[in-house]
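A look at the structure
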Amino acid sequence: GDVRVTTRFVPQEPFTGLMGVLHETGQAMYDLGLPEAWRDQPVPRALLQQVVEVAMAGPTATNSQPMRIVFVESAQGKERLRAALHAGNVAKMMSAPVTAIVAYDLDFHVHQARTFPHRDVATGYRADPAHAHDTALRNSTLQGAYLMLAARALGLDIGPMSGFHNEAVDAEFFAGSSLRSIAMREVEDEERPRVHELAGHAVDLGRRHAAVEQQRG
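Heads up: these notes are all about the structure in this document. Remember, it's a predicted structure, so these values are computed and weren't measured experimentally.

The number of helices and strands found in the protein is nine helices and four strands. Going residue by residue from the N terminus, the α and β elements of the protein occur as α-α-β-α-α-β-α-α-α-β-α-β-α. A buried classification covers 43% of the 217 residues belonging to the protein. Long-range contacts, defined here as pairs at least 24 residues apart, represent 81% of the contacts in the protein between residues at least 6 apart. As displayed, the protein offers around 11700 Å² of accessible surface, 54% of which is attributable to carbon and sulfur atoms.

Here it is as structure tokens:
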């Protein structure tokens, strides 16, 4: 079954639009009706690499590509994460085959000469750290959504998680670096059955969006 997502984007409030995309993506995945329990089956690392390559192909401002990912697979790595999680998320994370820590790199602009060679944008980012921070946060959030869509397109189940303490994760995994965590993703190989089909759900979403547009008009 497929599900389509419609959200609103206001150019003057780009971060609100990005968060709306993330929310609607999570809701769409929930609406797919998959069972909550993860299966005890590892995800091939080659497949994880393919997911990342597809996600990184998505557009970002000035091709900044600020997202950085740490895949946590081992029991030792999961224990390092445990203390940072909200209580309701511990069991889910510990049982997931892979947990992806999605972070943004405050020094993303050091790579801009290679990723955006036709214009010098790195100088502006270095001169305005606040702008660089906002660019990194917004675009890594967008890339986090790309990551979920790429995983689903390549046959993986993936669920977003924001119920954790960022400071604790940063201290444990990114101390002394330019990386800051924004979210987590739980990933597993997909062979679980769908609970229901969603043939008409995309139509419902479209109608809801049309009704909102009529009210604005």
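And the narrative resumes.
Attention shifts here to the packing of helix 2 (residues 45-56) against helix 7 (residues 129-153). Where helix 2 contacts helix 7, the two axes come as close as 8 Å, and the packing angle between them is 130°. With respect to each other, helix 2 and helix 7 are oriented oblique. Once helix 2 is placed against helix 7, the crossing between them reads as right-handed. Contact with helix 2, carried on its side by Val-51, Val-52, Val-54, Ala-55 and Met-56, involves Gln-143, Tyr-146, Leu-147, Ala-150 and Ala-151 of helix 7 and no other residues of that element.

Thresholds, definitions, all that
- Going along each chain's sequence as written, the residues are numbered from 1 onward.
- Predicted model: local features are reported for residues with pLDDT of at least 70 only, side-chain atom pairs are reported and counted for 80 or more only, and whole-chain, interface and lining totals are derived from all residues.
- In computing side-chain properties, one takes all heavy atoms of the structure into account and sets aside hydrogens as well as water.
- Starting at the N terminus, helices and strands are each numbered in turn, a helix being any DSSP run of H or I of at least four residues and a strand any DSSP run of E of at least two.
- The buried label applies to any residue whose accessible area, calculated with a 1.4 Å probe on protein chains only, is under 20% of its type's maximum; exposed applies above 50%, and partly exposed to all values in between.
- In this description, contact between two residues means that some pair of their heavy atoms is separated by no more than 4.5 Å.
- Values of accessible area rely on a 1.4 Å probe in the Shrake-Rupley scheme; residue burial ignores everything except the protein chains shown.
- Here an axis means a line fitted to C-alpha atoms, over the contact stretch when the element is a helix, while the angle between two N-to-C directions is reported on a 0 to 180 degree scale.
- Reported orientations rely on four angle classes, namely roughly parallel under 35 degrees, roughly antiparallel over 145, roughly perpendicular from 65 to 115, and oblique for the rest.
- Handedness of a helix crossing follows the sense of rotation of the near helix relative to the far helix, less than a right angle counterclockwise being left-handed and clockwise being right-handed.

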